[in-house]
Amino acid sequence: MKKYFVSIAVMIAISFFVLPITAKASSEEDVLAYINEERQAQGLEAVTMDEDLQAVAAIRAKECSVRFSHIRPNGKSWSTVSKLTNGENLAHAVNINQQKPENVVYAWMLSPGHSANVLRESFSVVGISYYCDENGETFIACEFR
């Protein structure tokens, strides 16, 4: 029996060196859940994820790795990325705690402009994207409609 447990332990230990770790640090779905918690607390309807806005958010998250701003790298306003988006929240995470969905939404709720987007009654769909650059920094974009 002891040999069995030792064999299992050795196999597990070896797997850490052989199998790549591909777990995602944070998920868009979790950000959506925290946004909807904030909306529910204010008596608002939940927003849902939209595939087209997901694509827009992916563009903006990647652009933010070049220029972290509501101004795009080409010098134009964030709103020029697509006619589909009516609001935008961004986040820049330099460590794993800042990447956590609950901390992303918490930071937005501390900012009047970002909080207004989360709680805007007219918004019904979002696209959320995480982008990690070559330096390990993460950029999060949330596009609202």
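Just so it is clear, the model here is predicted, and its values are computed rather than measured.

### A word on the overall build of the protein chain
- Broken down by element type, the protein chain carries six helices and four strands.
- Ordered by position in the sequence, the α and β elements of the protein chain form the string α-α-β-α-β-α-α-α-β-β.
- Per-residue burial over the protein chain gives 37% buried out of 145 residues.
- Across the protein chain, the fraction of contacts at a sequence separation of at least 24, relative to all contacts at a separation of at least 6, is 63%.
- With an accessible surface of roughly 8800 Å², the protein chain has 57% of that area assigned to carbon and sulfur atoms.

### Topic: the pairing of strand β4 (residues 138-144)
- Burial analysis of β4 places seven of its seven residues in the buried class, which makes it a mostly covered element.
- Burial along β4 is two-sided: Thr-138, Ile-140, Cys-142 and Phe-144 and Phe-139, Ala-141 and Glu-143, pointing in opposite directions, are all buried.
- As paired elements, strand β2 (residues 87-93) and β4 share seven bridges and run antiparallel to each other. The partner of Glu-88 across the bridge, within β4, is Glu-143.
- By the bridge criterion, seven bridges tie strand β3 (residues 125-132) to β4 in an arrangement that is antiparallel. For Ile-128, the partnering residue across the bridge sits in β4 and is Cys-142.
- As consecutive antiparallel partners, β3 and β4 are separated by five residues, and within that stretch Gly-136 has a phi angle of approximately 85°, a positive value.

### So, the packing of aromatic side chains
- Evaluated as defined, the whole model comprises two aromatic pairs.
- Both rings, one in Phe-68 and one in Phe-139, keep their centres 6.2 Å apart while their planes meet at 45°; by these two values the pair is tilted. Here Phe-139 lies in strand β4 and Phe-68 lies in the loop between α3 (51-64) and β2, a separation of 71 residues in the sequence.
- Look at Phe-68 and you get partly exposed, because its relative accessible area is 42%.
- Overall, Phe-139 belongs to the buried group, its relative accessible area being 3%.
- Taken together, a centroid distance of 5.2 Å and an interplanar angle of 20° make the contact between Phe-123 and Phe-144 stacked. Remark: Phe-144 occurs in strand β4 and Phe-123 occurs in the loop between α6 (112-118) and β3; sequence separation between them is 21 residues. The burial state of Phe-123 is the same as that of Phe-144; both residues are buried.

Calculation rules
- Residues numbered from 1 in each chain as written.
- Predicted model: local features only at pLDDT ≥ 70, side-chain atom pairs only at ≥ 80, totals over all residues.
- Heavy atoms only, no water.
- Helix = DSSP H or I, 4+ residues; strand = E, 2+ residues; numbered from the N terminus.
- Buried < 20%, exposed > 50% of the residue type's maximum accessible area, 1.4 Å probe, protein only.
- Contact = heavy atoms within 4.5 Å.
- Areas by Shrake-Rupley, 256 points an atom, 1.4 Å probe, with all protein chains shown as cover.
- Pairing = 2+ DSSP bridges.
- Phe/Tyr/Trp six-rings, centres within 6.5 Å; stacked < 30°, edge-to-face > 60°.

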